[in-house]
Amino acid sequence: MGNAAIRRVLGGLAIGAFALAAVIAVNATRWISAPFPGFFVLPNRVVASVSLPGWLDVPASELLQHQIVAVDERPVRTAREVYALVGERGVGALVRYAVRAADGSVATVVTRPREFSTWDYLLVFTAYILNGAAFLGVGLVVFALKPRHPAAQALLVVGLLVGCWVTTGADLYGPSWFYRLHVCAEAFSGAALVHFALVFPTDRLCARGARWLTLIYGSALGFTAWYQWVFFEPSTYTRAHLTATMLQGVGILAIMTNVFRDFVT
């Protein structure tokens with residue numbers, strides 16, 4: 001691939017990433033001044049593992065990663081229904097949620113809806129957008145400088161996947177247009193980090209690169225397909241999410257280990 005083609009590819013990726021971030025950032029402004037439960041609900045009605053001080057009236061362990069089954073004894077089937085019922089109750093009203101844990105047990109949690117402030121928006125959604133842009137930017141810049149270096153190529157993949165995963169995380173809480181893309185990026189991020197660990201700071205793949213990368217990304221593809229399949233099964237979704245997080249941790253640990261070992265030796 002020539003330099004002109006590389007520039008076109010990088011330009012297209014940058015424009016696509018900017019458009020995605022812009023759409024998500026604009027969509028998220030609908031939260032400002034609106035009543036919300038004090039927590040976010042994913043498309044599968046699982047309470048997202050994100051919160052700010054003062055949001056919850058109950059311990060986080062009673063809500064996070066639990067599925068909302070009913071609101072004030074009214075069964076709900078979508079996250080949109082949860083938000084709509086909370087909006088009807090209004091800020092400050094007591095709302096009873098029937099929540100199902102990963103083990104299938106159901107409990108009742110009572111909290112008060114709150115008004116989502118501009119400060120909440122800046123702390124939550126701006127953090128997603130800026131962190132996603134940082135990952136993508138690093139990948140694009142390094143690849144532009146050394147497009148044929150194995151580490152630069154791996155870092156571009158890491159930047160694209162992790163940047164996409166972080167950015168689309170802001171969309172999960174509504175309107176959830178890109179949740180399938182988010183799941184793909186999350187599931188593949190661990191494989192990309194392992195790939196980067198194998199070529200940075202020194203290339204350990206060499207001639208065996210194609211074989212190992214096929215194995216790594218082929219396994220990630222299988223995991224992604226399973227993750228997409230179980231996304232709307234709350235207990236299995238939680239296991240898939242934790243598995244993806246664990247694989248990302250394995251990749252990061254491998255990078256740190258290799259950097260330290262190469263530095264010492």
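Above this text is the structure in question.
Counting restarts for each chain, with residues numbered from 1 along the sequence as it is written. Owing to the predicted nature of the model, reporting of local features is limited to residues with pLDDT of at least 70; listing and counting of side-chain atom pairs is limited to 80 or more, with chain, interface and lining totals taken over all residues. Only hydrogens and water are set aside; all other atoms, that is, all heavy atoms of the structure, feed into the side-chain values.

Looking at this model, I keep getting lost on the packing of helix α3 (residues 118–145) against helix α4 (residues 150–169). Mind explaining?
How two helices sit against one another is set out by the angle between their axes and by the gap between those axes. Angular values range over 0 to 180 degrees, each being the angle between N-to-C directions of two axes fitted as lines to C-alpha atoms, with helices fitted over their stretch in contact. A run of DSSP states H or I qualifies as a helix once it reaches four residues; a run of E qualifies as a strand once it reaches two. Both are numbered from the N-terminal end. Direction vectors running N to C along α3 and α4 enclose 165°, while the axes themselves pass 7 Å from each other. Viewed along their axes, α3 and α4 adopt a mutual orientation that is roughly antiparallel. Where α3 crosses over α4, the handedness of that crossing is left-handed. Across the interface between the two elements, Tyr128, Ile129, Asn131, Gly132, Phe135, Leu136, Val138, Gly139, Leu140, Val142 and Phe143 from α3 touch Ala152, Gln153, Leu155, Leu156, Gly159, Leu160, Val162, Gly163, Val166, Thr167 and Gly169 from α4. All residues other than Ala, Val, Leu, Ile, Met, Phe, Trp, Tyr, Cys, Pro, Asp, Glu, Lys and Arg, Gly among them, are scored as polar; the first ten of these are nonpolar and the last four charged. Looking at the contact of α3 with α4 residue by residue, the classes come out as 14 nonpolar, eight polar and no charged. Relative orientations are named as follows: roughly parallel for angles under 35 degrees, roughly antiparallel for angles over 145 degrees, roughly perpendicular for angles from 65 to 115 degrees, and oblique for any other angle. Two helices that cross are described as forming a left-handed crossing if the nearer one is turned anticlockwise from the farther one by less than a right angle, and a right-handed crossing if clockwise. Any pair of residues with heavy atoms lying within 4.5 Å of one another is described as a contacting pair.

What's the story with the sheet that holds strand β2 (residues 67–71) in this structure? I'm lost.
Strand pairs in the sheet, formed through backbone hydrogen bonds, run parallel or antiparallel to each other. The four strands lie next to each other as β3-β2-β4-β5, forming an open sheet whose pairing is antiparallel. Strands at the two margins of the open sheet, each flanked by one partner only, are β3 (74–75) and β5 (106–111). DSSP calls a pair of strands paired once it identifies at least 2 bridges connecting them.

I keep staring at the side chain of arginine 45 and nothing clicks. Help me out?
As for its position among the elements, arginine 45 is in the loop between β1 (35–36) and β2. No salt bridge is formed by the buried arginine 45, whose closest oppositely charged neighbour, glutamate 81, lies at an N-O distance of 7.1 Å. Side-chain polar atoms of arginine 45 contact the backbone oxygen of arginine 77, separated by 3.3 Å. Aside from chain neighbours lying at most four places away, what touches arginine 45 is His66, Gln67, Ile68, Val69, Val76, Arg77, Thr78 and Ala79. Exposure classes here rest on a 1.4 Å probe applied to the protein chains alone. A residue is buried below 20% of its type maximum, exposed above 50%, and partly exposed in between. Asp and Glu count as negative and Lys and Arg as positive, but His and the ends of the chain are not part of the count. What makes a salt bridge here is a side-chain nitrogen of Lys or Arg within 4 Å of a carboxyl oxygen of Asp or Glu, nothing more. For this analysis, a polar contact is any N or O atom pair within 3.5 Å, provided that within protein one partner can donate a hydrogen and the other can accept it, and provided that sequence-adjacent residues contribute only side-chain to side-chain pairs.

What should I look at first to understand helix α2 (residues 79–89) in this one?
A turn of α-helix holds 3.6 residues, and therefore any two residues three or four places apart point the same way. Of the residues making up α2, those classed as buried are Ala79, Val82, Tyr83, Leu85 and Val86. Angular distribution of buried residues about the axis of α2 spans 165°; they occupy a single face of the element. Facing away from the buried side of α2, by more than 90 degrees, are the exposed residues Arg80 and Glu88. Taken together, the buried residues of α2 touch β1, β2, β3 and β4 (95–100). Positive phi shows up at glycine 90, right after α2, with a value of about 90°. To obtain the arc, one takes the directions from the helix axis to the C-beta atoms.

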